[in-house]
Amino acid sequence: VSRDERTAATAGADGVRVIDLADHHVDVVSTDPTGGAIRLADDGTIVTNDEDGTFETFTDGERSVVGAFEDWLDFRTTSDGGVRALIRRAPGSYVIIDALTGEMLAEATMPVPVIEAGALLPDQLQAIVVGADEQLWSIQPGQAPLPTGISVSQNTTMMAGLSGGRVVVGGPVERPSVFHL
């Protein structure tokens, strides 16, 4: 669903569709099967991430491959209207990319974490990952990874970034908790 909640996009075996939520009109963007996650940028660009990690954009009927990334931890529309992804290149090695262009916006290498979980914050160019010391670490452009001082359980398997510098952390055997960074 777009940030203004006027349109929604779907991706699946029948391709990519955009739905106007006011009049229910459906536009066929592509008839090629596309699975995985889908996000909408404010300019109308659709970004998909297929099961194999391939990020593609659909703009004005044109389909372009942005890049292929085997292991992504988060993929979201941001408050500036763009779309970003948090990619794990290898254990302890992370990048934040602009999912519309493939441009690397930030990168960080840390000691190999015990937990592979991370989240992008929607209102800033920042990602949060779990470090080897089982605490949350911040990744931002032009800075070394910074510890937040917030410890999490070794059972943490999911994270979600919220606006206002908040992050939700949880897992299958623990209740979700909201932390302020």
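Residues numbered from 1 in each chain as written. Predicted model: local features only at pLDDT ≥ 70, side-chain atom pairs only at ≥ 80, totals over all residues. Heavy atoms only, no water.

## What about the overall build of the protein chain?
Along the backbone of the protein chain there are zero helices and 18 strands. In terms of overall dimensions, the protein chain is globule-like: its C-alpha atoms have a radius of gyration of 17 Å, near the 16 Å expected for 181 residues. Buried positions account for 45% of the 181 residues belonging to the protein chain. The contacts in the protein chain between residues at least 6 apart in sequence include a share of 33% that link residues at least 24 apart. (Helix = DSSP H or I, 4+ residues; strand = E, 2+ residues; numbered from the N terminus. Rg over C-alpha atoms; globule rule 2.2 N^0.38 Å. Buried < 20%, exposed > 50% of the residue type's maximum accessible area, 1.4 Å probe, protein only. Contact = heavy atoms within 4.5 Å.)

## Points about the side chain of Asp98
By secondary structure assignment, the location of Asp98 is in strand 10 (residues 93-98). Filtering out sequence-adjacent residues up to four positions away, Asp98 remains in contact with Val66, Val83, Glu103 and Leu105.

## A word on the pairing of strand 18 (residues 174-180)
Sheet topology note: the strand 17 (residues 166-171)/strand 18 ladder contains five bridges and is antiparallel. Considered in strand 18, the bridge of Val167 is made with Phe179. What sits between the antiparallel neighbours strand 17 and strand 18 is a turn of two residues. (Pairing = 2+ DSSP bridges.)

## Comments concerning the sheet that holds strand 13 (residues 127-130)
Read from one edge of the open sheet, four strands run 12-13-14-15, paired in antiparallel fashion. Each edge of the sheet is formed by a strand with only one pairing partner; in this case those strands are strand 12 (118-120) and strand 15 (146-151). For this sheet, the mean angle separating the axes of adjacent strands, direction not counted, is 25 degrees. As paired strands, strand 13 and strand 14 (residues 135-139) are joined by four bridges and run antiparallel to one another. Bridge assignment links Val129 to a residue of strand 14, and that residue is Trp137. (Axes fitted to C-alpha atoms, helices over the stretch in contact; angles between N-to-C directions.)

## Re the pattern of salt bridges
By the definition in use, this model includes seven salt bridges. With a closest N to O distance of 2.4 Å, Arg88 and Asp71 form a salt bridge. One end of the pair, Arg88, is in strand 9 (residues 83-90); the other, Asp71, is in the loop between strand 7 (62-68) and strand 8 (72-77), and 17 residues separate them in sequence. Across the salt bridge formed by Asp80 and Arg84, the nearest N and O atoms sit 2.7 Å from each other. (Salt bridge = Lys/Arg side-chain N within 4 Å of Asp/Glu carboxyl O.)

## Thoughts on the packing of aromatic side chains
A ring pair, where both rings are aromatic, is described by two values, the distance of the centres and the angle of the planes. This model, assessed by the stated rule, comprises three aromatic pairs. Summarising the aromatic geometry, the rings of Phe55 and Phe69 are spaced 5.7 Å apart at their centres and angled 65 degrees between planes, so their arrangement reads as edge-to-face. Placement of the pair is Phe55 in strand 6 (residues 54-59) and Phe69 in the loop between strand 7 and strand 8, with a sequence separation of 14 residues. The pair formed by Phe55 and Phe69 is uniform in burial state, with each residue classed as buried. Each ring, one from Phe55 and one from Phe75, has its centre 5.1 Å from the other, and the planes form 80 degrees; the classification is edge-to-face. (Phe/Tyr/Trp six-rings, centres within 6.5 Å; stacked < 30°, edge-to-face > 60°.)

## Thoughts on the nonpolar core
Judged by nonpolar contacts, the single largest core of 13 residues is most densely connected at Phe55, Phe75 and Ile87. When residues of this core are traced back to their parent elements, those giving at least two are strand 9 and strand 10. A per-element tally of this core places strand 9 first, with three residues. Among residues more than four places away in sequence, those in contact with Phe75 are Ala37, Ile38, Arg39, Val47, Thr48, Asn49, Phe55, Val83, Arg84, Ala85 and Ala99. With 12 residues, the next largest nonpolar core counts Ile115, Ile128, Leu136 and Val167 among its residues. (Core = buried A, V, L, I, M, F, W, Y, C linked by side-chain atoms within 4.5 Å.)

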